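Letter by letter, the chains look like this.
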Amino acid sequence: MTILTGRRGRPVAESPPAIVRLVGADADTAVEQLYAAHWRQLVRLSVLLVHDQASAEDVVQDAFVAMHGKWSRLRDPDKALAYLRQAVVNRSRSALRHRVVVERHARNTAHADVVADGPSLVGSRRDAVQQALLQLSDRQREVLVLQHYLDWSETQIADALGISRGAVKAHAHRGRAALRDLLGDWWEDPS
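All of the points below concern the structure found in this document. (Residues numbered from 1 in each chain as written. Predicted model: local features only at pLDDT ≥ 70, side-chain atom pairs only at ≥ 80, totals over all residues. Heavy atoms only, no water.)

Digging into the environment of L134
Stated precisely, the cut-off is as follows: The numbering of helices and of strands both runs from the N terminus, where a helix is a DSSP run of H or I of at least 4 residues and a strand a run of E of at least 2. The buried label goes to any residue with under 20% of its type's maximum accessible area, the exposed label to any with over 50%, and the partly exposed label to all in between, with areas taken from a 1.4 Å probe on protein chains only. Contacts are residue-level and defined by heavy atoms, with any inter-residue pair within 4.5 Å sufficient.
Considering the arrangement of structural elements, one finds L134 in helix α4 (residues 125-134). Accessibility expressed as a relative area gives 42% for L134, which makes it partly exposed. C-alpha separation for the pair L134 and V50, spaced 84 residues apart in sequence, amounts to 9.9 Å. Setting aside residues up to four positions removed in sequence, L134 forms contacts with H51 and R141.

If you want it as structure tokens, here you go:
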């Protein structure tokens, strides 16, 4: 297996061991081939969005199960990977929304005499960036994560999120500006 590197020299994706031929394949065969070739990459994508390995694995597994169930309705089997990426992004966003609702409910039902400890502040730059990313809008965070952590192009991001390239540029610009405001002296624009 060869590892491709992005413009910063970091690994961005693993090439599949063989060409995945999906046209005319049955659902079991196609999903099995896609799973073997792309599961790890999709989990990494989801981890960057939901910030939790176990949840990310669940999201990716659910996306594969959904695709298997809808395989016969897939118009272009060669676009199955794009469908999976979109499903992973959408399901990751749903998982985050669900987490917010659960946390809100937990706060509302907590007893008045229980004092919740705030998040511990760790002095590392990585933790500060992660916390700042959580304060961005969903779209800004998604665009910046896909752009800077996975080295995706504007076109790839636009396709995965179902938005225009112009919207990708706008979300990236606004997200970077917000990070500069949130991080102050710690901010170093990677672009």
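Text resumes after the structure shown.
Describing unusual backbone geometry
Leaving glycine aside, a negative phi is the common case for residues, and trans is the common case for peptide bonds. A positive phi angle, near 60°, is found at H51, a position not held by glycine. Relative to the helices and strands, H51 is located in the loop between α1 (27-50) and α2 (53-69). Within the chain, D151 stands out as a residue other than glycine whose phi angle is a positive 55°. You can see D151 is positioned in the loop between α5 (138-149) and α6 (154-161).

Here we look at the packing of α5 against α6
To keep things clear, this is the line we draw: Interaxial angle, 0 to 180 degrees, is taken between N-to-C directions of lines fitted to C-alpha atoms, where a helix line uses only the stretch in contact. Oblique is the label for any angle not under 35 degrees, not over 145, and not in the 65 to 115 range, which are roughly parallel, roughly antiparallel and roughly perpendicular in turn. Handedness of a crossing is defined here by the sense of rotation of the near helix relative to the far one, left-handed for an anticlockwise turn of less than a right angle and right-handed for a clockwise turn. The nonpolar class holds Ala, Val, Leu, Ile, Met, Phe, Trp, Tyr, Cys and Pro. Asp, Glu, Lys and Arg form the charged class, and all remaining residues, Gly among them, are polar.
In the contact formed by α5 and α6, the axes pass within 10 Å of each other and the chain directions differ by 135°. Here α6 runs oblique to α5, going by the angle between their axes. For the crossing formed where α5 meets α6, the hand is right-handed. Contacts between α5 and α6 involve R139, E142, V143, L146 and Q147 on the former and, on the latter, E154, I157 and L161. In terms of residue class, the contact of α5 with α6 is made up of four nonpolar, one polar and three charged.

Things to note about the packing of aromatic side chains
By convention here, two paired aromatic rings are described through the distance between centres and the angle between planes. Where we set the bar: Only centres within 6.5 Å qualify two rings of Phe, Tyr or Trp (six-membered ring in Trp) as a pair; their planes then separate them into stacked at under 30 degrees, edge-to-face at over 60, and tilted for everything else.
In total, this model carries two aromatic pairs according to the counting rule given. A centroid spacing of 6.0 Å and a plane angle of 40° characterise the contact between Y35 and W39, whose relative ring orientation is tilted. With Y35 and W39 both in helix α1 and four residues apart, this pair spans about one turn of that helix. Residue classification places W39 among the partly exposed residues on the basis of a relative accessible area of 24%. Taking the centre distance of 5.1 Å and the plane angle of 65° together, the rings of Y35 and F64 count as edge-to-face.

Section: the side chain of Q147
Residue position: Q147 is located in helix α5. A relative accessible area of 10% means that Q147 is categorised as buried.

Considering α6
Stated precisely, the cut-off is as follows: The reported arc concerns the directions from the helix axis to the C-beta atoms and nothing else.
Burial in α6 covers these residues: I157, A158, A160 and L161. End-on, the buried residues of α6 take up no more than an arc of 165°, which puts them together on one face. Trailing α6 by a residue or two, G162 shows a phi angle of about 70°, which is positive.

Digging into the pattern of salt bridges
Threshold: Put simply, a salt bridge is a Lys or Arg side-chain nitrogen that is within 4 Å of an Asp or Glu carboxyl oxygen.
Counting across every chain of the model gives four salt bridges. Residue E142 pairs with R93 through a salt bridge whose shortest N-O separation is 3.0 Å. Placement of the pair is E142 in helix α5 and R93 in helix α3 (residues 80-109), with a sequence separation of 49 residues. No difference in accessibility class separates E142 from R93, as the two residues are buried.

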